[in-house]
Amino acid sequence: MSAPTPETAENSDGARASLEALRTEIAKAVVGQDSTVTGLVVALLCRGHVLLEGVPGVAKTLLVRALAASLELDTKRVQFTPDLMPSDVTGSLVYDARTTEFSFQPGPVFTNLLLADEINRTPPKTQSSLLEAMEERQVTVDGTPRLLPDPFLVAATQNPVEYEGTYPLPEAQLDRFLLKLTVSLPSRDDEINVLARHAEGFNPRDLRAAGLRPVATPADLEAARTAVAGTSVSTEIAGYVVDICRATRDSPSLTLGVSPRGATALLSTARAWAWLTGRDYVIPDDVKALALPTLRHRIQLRPEAEMEGVTADSVITAILAHVPVPR
């Protein structure tokens, strides 16, 4: 790999500084979710999508809106319901009586950041309408493919405690999400901070009044993606990623291990994390840092393991502890 030119290095450093400023800017609206913000930035760098899991009221919607405002990106929200149709997401052809022709009316998927709220509340037919958009960055209506904007990220949410009346995402669709991020409840101090902000007049629907301003641009994001693509990966690190993923396939607690696509995803997220932390090469700690959010939704527990209290995170953590780390 050729050495970066001074101009390339300068662009990379400037893009990194801009993306690092996102945490500070988003913190003006969202308290105590630094790891989730980082996960969303990693997904943008890797051109991936994110599944956000958390109970209602932990600011999942606000988080996506704040990210879009800080990055000068367009965002739309779709509330997934049992009667939502695929065309409600992708758009449809509408007949114009004046011109006697059909014209395409784009759906909310034509945006930069799509918040798919409670995606498991809608039937599989509508869930699958997102698959082409997520994988191909386009939607096909009446046989005509239409490209989506770039960048494009789907941030889908689901409630981890209320499953009545839901349609669990199939494994094939779960595998399309680069990361599964757990949006946790805030600590006591953070929750007091949230209440204090609201008492001072904070309005989550008016982010500009809260002081949020764009601190990075799509051009910064594109420069960052170029820099991430130049982050080097040694043969030993690639082998480490493969060994972790292969170990999930042999785990007695699992009926389904991580696929080769999952291994590719882990390598991508580790490269993005390495670049964000200021390096142009990947080390084992980068792989470990992103292993849980990248792999937890790509494995399936045996029923007897679930009954014993085993979780996806505990299986991956145990594997990380046993797979030899390259020196």
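Residues numbered from 1 in each chain as written. Predicted model: local features only at pLDDT ≥ 70, side-chain atom pairs only at ≥ 80, totals over all residues. Heavy atoms only, no water.

For the protein, the name recorded in an unreviewed UniProt entry is AAA family ATPase, with Streptomyces tirandamycinicus as its organism. One UniProt comment on the protein, placed under Sequence similarities (unreviewed entry), says "Belongs to the MoxR family." (UniProt positions renumbered as here; feature names shortened; annotations may be inferred.)

### Details of the packing of aromatic side chains
Counted by the stated rule, this structure contains two aromatic pairs. A ring pair is formed by Phe104 and Phe110, whose centres lie 5.7 Å apart and whose planes are at 70°; its orientation type is edge-to-face. On the accessibility criterion, Phe104 (18% relative accessible area) is buried. The class of Phe110 is buried, set by a relative accessible area of 17%. When the ring centre of Tyr281 is taken as origin, the NZ or CZ atom of Arg279, which lies over that ring, is 5.7 Å away. (Phe/Tyr/Trp six-rings, centres within 6.5 Å; stacked < 30°, edge-to-face > 60°. Buried < 20%, exposed > 50% of the residue type's maximum accessible area, 1.4 Å probe, protein only. Lys NZ or Arg CZ within 6 Å of the ring centre and 35° of its normal.)

### Here's the deal with the pattern of salt bridges
Under the counting rule described, the total for this entry stands at 15 salt bridges. Across the pair Arg225 and Asp150 runs a salt bridge, and its minimum N-O distance is 3.2 Å. Pair noted here: Arg225 is in helix H9 (residues 218–229) and Asp150 is in the loop between strand S7 (144–147) and strand S8 (153–158), with a separation of 75 residues, a long-range link. Here Asp150 falls in the exposed class, since its relative accessible area comes to 52%. (Salt bridge = Lys/Arg side-chain N within 4 Å of Asp/Glu carboxyl O. Helix = DSSP H or I, 4+ residues; strand = E, 2+ residues; numbered from the N terminus.)

### Structural notes on the environment of Pro151
Structurally, Pro151 can be placed in the loop between S7 and S8. Counting along the chain gives 70 residues from Pro151 to Leu221, while the straight-line C-alpha distance between them is 8.6 Å.

### Section: the pairing of S8
Among the six residues in S8, six count as buried, and that is most of the element. Alternating positions in S8 separate into two faces, Leu153, Ala155 and Thr157 on one and Val154, Ala156 and Gln158 on the other, with burial throughout. Note: strand S1 (residues 50–53) against S8, four bridges, orientation parallel. Bridging across to S8, Val50 finds its partner in Ala155. Pairing between strand S5 (residues 113–117) and S8: four bridges, direction parallel. (Pairing = 2+ DSSP bridges.)

### Structural notes on the sheet that holds S1
Here we have five strands laid out as an open sheet, ordered S2-S5-S8-S1-S9, and parallel in their pairing. Bordering the open sheet on either side are strand S2 (75–79) and strand S9 (179–182), each of which pairs with just one other strand. With strand direction ignored, the average angle separating the axes of adjacent strands in the sheet is 20°. Of the strand pairs in this sheet, S1 and S9 are connected by four bridges, and their pairing is parallel. Among the inter-strand pairings, Leu52 is bridged to a residue of S9, identified as Leu181. Of the strands in this sheet, S1, S5, S8 and S9 touch helix H2 (residues 34–45), which is tilted by about 165° from S9. (Axes fitted to C-alpha atoms, helices over the stretch in contact; angles between N-to-C directions. Contact = heavy atoms within 4.5 Å.)

### With respect to helix H3 (residues 60–71)
For H3, with twelve residues, the first-to-last C-alpha span of 17 Å sits near the 16 Å given by 1.5 Å per residue. In terms of residue burial, H3 counts as a mostly covered element, since nine of its twelve residues are buried. Here H3 has its buried residues at Lys60, Leu62, Leu63, Val64, Ala66, Leu67, Ala68, Ser70 and Leu71. (Expected span 1.5 Å × (residues − 1).)

### What about the domain arrangement of the protein?
Often the size quoted for an interface is simply the accessible area lost on bringing the parts together. Taken as a whole, the protein is organised into domain 1 (1–230) and domain 2 (231–326). One C-alpha centre belongs to domain 1, the other to domain 2, and the line joining them spans 24 Å. Counting from both sides, the interface comprises 27 residues of domain 1 and, opposite them, 22 residues of domain 2. Taking both partners together, domain 1 and domain 2 bury about 2100 Å²; carbon and sulfur atoms supply 58% of that area. On inspection of domain 1 and its partner domain 2, the count reaches two salt bridges. (Domains from an automatic or database assignment. Buried area = accessible area lost by both parts, 1.4 Å probe.)

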